[in-house]
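Summary of structural features
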Amino acid sequence: MQKTILVGLLFFMAWGLYGQAWMQLRQEPIQIAYKIPYNWFVGGLEKQADYWRTLNTAPKGHINMLLLYSEELRAEELAQKAVWNYHFVGLDSLPADSLQGDFGLWEKRGHWREDSLELVRSWAWKKGEQHYLLYLWGREEKMNAFAQKKLSKVLTSIVFLDD
């Protein structure tokens, strides 16, 4: 009986540690690296006519993260691109909604015009001639849980590969 309990405890401890594991994605073509939870789907990079995009998704699709990159389009122009036929509707942001980082990150909150139940947060920044736009979305309760536990780790892990 004690062995069974010990094995169970070890399993849950290992699962807890593994559940907190992160993987770093290095995306050389867009000169960026960042961390996401280990169990997320990694969609890889996809080249469009004048920008790149990459999708990462939590298990069961509860949280989705899309990163857009361009040297030709500014963040405002990238924001005009549809995300699989969904369009971002930004809400008026308060100063408290902003998050400044070493590279001038700013944030907007909103939703998809086609699905107002999805809470969407977007961040944009520029590094030289490189423009980035990050969308993160999901239902409000999932987004709030993600924001409390993991969002800051994702954002603070962003590094530029040409530095």
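Residues numbered from 1 in each chain as written. Predicted model: local features only at pLDDT ≥ 70, side-chain atom pairs only at ≥ 80, totals over all residues. Heavy atoms only, no water.

Notes on unusual backbone geometry
For W84, which is not glycine, the phi dihedral falls at a positive 50°. Here W84 lies in the loop between α2 (75-78) and β6 (88-90). Positioned with a positive phi, N85 is a non-glycine residue whose angle comes to about 70°. Looking at where N85 falls in the secondary structure, it is placed in the loop between α2 and β6. (Helix = DSSP H or I, 4+ residues; strand = E, 2+ residues; numbered from the N terminus.)

Description of the pattern of salt bridges
Here the structure, examined in full by the defined rule, presents eight salt bridges. Salt-bridge contacts for E46 lead to R53; the nearest nitrogen and oxygen are separated by 2.4 Å. Judged by relative accessible area, which is 36%, E46 ranks as partly exposed. Given a relative accessible area of 12%, R53 falls into the buried group. (Salt bridge = Lys/Arg side-chain N within 4 Å of Asp/Glu carboxyl O. Buried < 20%, exposed > 50% of the residue type's maximum accessible area, 1.4 Å probe, protein only.)

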